[in-house]
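Topology and contacts: notes
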Amino acid sequence: DTGVSQNPRHKITKRGQNVTFRCDPISEHNRLYWYRQTLGQGPEFLTYFQNEAQLEKSRLLSDRFSAERPKGSFSTLEIQRTEQGDSAMYLCASSLSDQPQHFGDGTRLSIL
Amino acid sequence: KNQVEQSPQSLIILEGKNCTLQCNYTVSPFSNLRWYKQDTGRGPVSLTIMTFSENTKSNGRYTATLDADTKQSSLHITASQLSDSASYICVVRGGDKLIFGTGTRLQVFP
């Protein structure tokens, strides 16, 4: 399967802990996006990369959040000092420039 | 303010019936409009994408329409199947940004 892959699929952690998610995009896609989705809502944009450059960050991305795409391939999203409100599905998508985005199946984060 | 509104919020239909989902948007500048299907616990999957000049686009039993003058789109599902149970999200591209609707939750019962 050559789709967008996200790991882990589910993460349960205690409030205050740090978590890191990984996204492997479709190999030839130069753009990679992170979204957050809460129950009953559409995805909300967090940030996106073109190759290894982080080009835009939403104001939703507080200073506890950091995303990297060091070699322009896979990306990681880290949340430090997690809070209850961070509980959500974190979706990754990739695209070839302005072509339609292909989404992964997300990482569901549950904060206890 | 760029917004995408969908209705109804949720819908229950019997297998075999048709249904139509609505999307109204206020996004400028407008680039294209996409409908995604999202199964529970999965990522969204693209169904159709339409540009300003396109009025209708079909993908199997799914037919999307676009009226760029009234800024409205609809997604019509014909002869629904149990596997159509999902959330359907309308997404409008305005410039570099994607504006997501909150989705319509469709449940198809036998």
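Look above for the structure.
A short tour of the structure in this document, coming up.

About the criteria used
Residues numbered from 1 in each chain as written. Chains lettered and ligands numbered in written order. Predicted model: local features only at pLDDT ≥ 70, side-chain atom pairs only at ≥ 80, totals over all residues. Heavy atoms only, no water. Contact = heavy atoms within 4.5 Å. Buried area = accessible area lost by both parts, 1.4 Å probe. Salt bridge = Lys/Arg side-chain N within 4 Å of Asp/Glu carboxyl O. Polar contact = N/O pair within 3.5 Å; in protein donor to acceptor, adjacent residues only side chain to side chain. Phe/Tyr/Trp six-rings, centres within 6.5 Å; stacked < 30°, edge-to-face > 60°. Buried < 20%, exposed > 50% of the residue type's maximum accessible area, 1.4 Å probe, protein only. Helix = DSSP H or I, 4+ residues; strand = E, 2+ residues; numbered from the N terminus.

Across the contact, 15 residues belong to chain B and 18 residues belong to chain A. Together, the buried faces of chain B and chain A total about 1,300 Å²; carbon and sulfur atoms form 46% of this surface. The largest contributions to the chain B side of the interface with chain A come from P44, F100 and T102 of chain B, which together make up 29% of the buried area. The interface formed by chain B and chain A contains 3 salt bridges. Between R42 of chain B and D105 of chain A there is a salt bridge whose closest N-O contact spans 2.8 Å. Our enumeration of links across chain B and chain A arrives at 7 residue pairs in polar contact (both at pLDDT 80 or more).

To continue, consider the packing of aromatic side chains. Evaluated as defined, the whole model comprises 12 aromatic pairs over all chains. Plain terms: the ring middles of F45 of chain A and Y48 of chain A are 6.4 Å apart, the flat faces sit at 55 degrees to each other, and that makes the pair tilted. Here Y48 of chain A falls in the buried class, since its relative accessible area comes to 10%. On the basis of an interplanar angle of 90 degrees and a centroid distance of 5.5 Å, the ring pair of F103 of chain A and Y36 of chain B is categorised as edge-to-face. Here F103 of chain A, found in strand 10 (residues 102-103), pairs with Y36 of chain B, found in strand 4 (residues 32-38), and the two come from separate chains.

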